[in-house]
Amino acid sequence: PRYRFADSKQNGLVLIKGAYNNNQLFKVVPSGDNDDFYYIYSCVLKKDRITKKGVKNKEVGRYGGSVYNDNQLWKLVPRFTADLYTDTIFHYDNRQGSKEITQEIA
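Everything numeric here is computed off the predicted structure, so don't read it as measured data. (Residues numbered from 1 in each chain as written. Predicted model: local features only at pLDDT ≥ 70, side-chain atom pairs only at ≥ 80, totals over all residues. Heavy atoms only, no water.)

**A word on a nonpolar patch on the surface**
On the surface, a nonpolar cluster with roughly 500 Å² of combined accessible area is contributed by Ile89, Phe90, Tyr92, Ile101 and Ile105. Inspection of the secondary structure puts Ile105 in the segment after strand S7 (74–75). (Patch = residues over 30% accessible without salt bridge, like charges linked within 9 Å, V, L, I, M, F, W, Y side chains within 5 Å. Areas by Shrake-Rupley, 256 points an atom, 1.4 Å probe, with all protein chains shown as cover. Salt bridge = Lys/Arg side-chain N within 4 Å of Asp/Glu carboxyl O. Helix = DSSP H or I, 4+ residues; strand = E, 2+ residues; numbered from the N terminus.)

**Some details on the pattern of salt bridges**
Throughout the structure, instances matching the rule amount to two salt bridges. For Asp7, the salt bridge goes to Arg62, with nearest N and O atoms at 2.8 Å. With Asp7 in strand S1 (residues 4–8) and Arg62 in strand S6 (residues 60–63), this residue pair connects regions lying 55 residues apart in the sequence. Judged by its relative accessible area of 3%, Asp7 is buried. Given a relative accessible area of 24%, Arg62 falls into the partly exposed group. (Buried < 20%, exposed > 50% of the residue type's maximum accessible area, 1.4 Å probe, protein only.)

**Some details on the pairing of S1**
Counting buried positions along S1 yields four of five residues, so the element is predominantly enclosed. The pairing of S1 with strand S2 (residues 12–16) spans five bridges and is antiparallel. Residue pairing in the sheet places Ser8 in a bridge with Gly12 of S2. The antiparallel hairpin formed by S1 and S2 contains three residues in its connecting segment. (Pairing = 2+ DSSP bridges.)

Below, the structure is given as structure tokens:
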């Protein structure tokens, strides 16, 4: 991504590009209500959570206080779907370790 969120002690939640720093690391923590909503915490300023400050897209910030509100909860929505499957390319049972495996897969 061209821009990333960073949690700045002086400036709050900012957009940054360029070098990668630890203040751009966040962890996603379930709300605890089994509702598929999460708090997004800073990994550096550990009490800080990303919060929605208003209705406009740009009205996002951080909050480090003790009050937990709905404007700090985020729902993660998948952007893509994928079909997963397993294909066995090569199978050899050598649990006894008695034979050397010489099969090469290209």
